[in-house]
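Results of the structural survey
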Amino acid sequence: MNTVGTLPIRVVPVDGEALDSWLEAAAHRSHCAFGDLLDAVGLSTSHEQHIGSWTIQLSSTESEKISTATGVS
């Protein structure tokens with residue numbers, strides 16, 4: 001996905017919460033599959049890239065997309 005929109009439901013991360021935990025909480029709150037939420041925030045779920053690499057080192061582009069989609073800087 002090249003562009004992202006704002007998610008309709010906002011979930012505020014808990015202080016110190018890991019990124020994957022926060023996104024899992026957002027998926028749960030939105031009643032959608034985790035993979036669908038990852039697509040919605042612009043994170044790759046393709047098998048061509050190492051799935052989960054964003055949990056180790058988030059790129060600035062990925063960070064910007066997540067921020068745009070969630071409203072959280």
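Each remark here, short or long, concerns the structure printed above.
Model, not experiment: these values are computed from the prediction.

Description of the overall build of the protein
When you go through the protein residue by residue, the secondary structure sums to 3 helices and 0 strands. For the protein, the N- to C-terminal ordering of α and β elements is α-α-α. By the burial criterion, 26% of the 73 residues in the protein qualify as buried. A fraction of 53% describes how many contacts in the protein between residues 6 or more apart in sequence connect residues 24 or more apart.

With respect to helix 3 (residues 60–70)
Residues of helix 3 that are buried include every one of Glu 62, Lys 65, Ile 66, Ala 69 and Thr 70, and no others. Summarising the axial view, the buried residues of helix 3 lie within an arc of 115 degrees, below the 170-degree limit, and thus occupy one face. Among the exposed residues of helix 3, those oriented more than 90 degrees off its buried face are Ser 60 and Glu 64. Packed against the buried residues of helix 3 are helix 1 (19–30) and helix 2 (34–40). Immediately beyond the C-terminal end of helix 3, within one or two residues, lies Gly 71, with a positive phi of roughly 75 degrees.

Comments concerning the nonpolar core
In terms of nonpolar packing, the biggest core is built from 14 residues, with Leu 23, Leu 37, Val 41 and Leu 43 touching the most fellow members. For this core, the secondary-structure elements that each account for two or more residues are helix 1, helix 2 and helix 3. Looking at which element gives the most residues to this core, the answer is helix 1, with 4 residues.

Things to note about the environment of Glu 64
Note on placement: Glu 64 falls in helix 3. When its relative accessible area of 53% is taken as the criterion, Glu 64 is described as exposed.

Examining helix 1
End to end, helix 1 covers 16 Å across 12 residues, agreeing with the expected 16 Å (1.5 Å per residue, within 8%). Buried positions along helix 1 lie against helix 2 and helix 3. Downstream of helix 1 by a residue or two, His 31 has a phi angle that is positive, lying close to 55 degrees.

Parameters and conventions
- Residues numbered from 1 in each chain as written.
- Predicted model: local features only at pLDDT ≥ 70, side-chain atom pairs only at ≥ 80, totals over all residues.
- Heavy atoms only, no water.
- Helix = DSSP H or I, 4+ residues; strand = E, 2+ residues; numbered from the N terminus.
- Buried < 20%, exposed > 50% of the residue type's maximum accessible area, 1.4 Å probe, protein only.
- Contact = heavy atoms within 4.5 Å.
- Arc of directions from axis to C-beta.
- Core = buried A, V, L, I, M, F, W, Y, C linked by side-chain atoms within 4.5 Å.
- Expected span 1.5 Å × (residues − 1).

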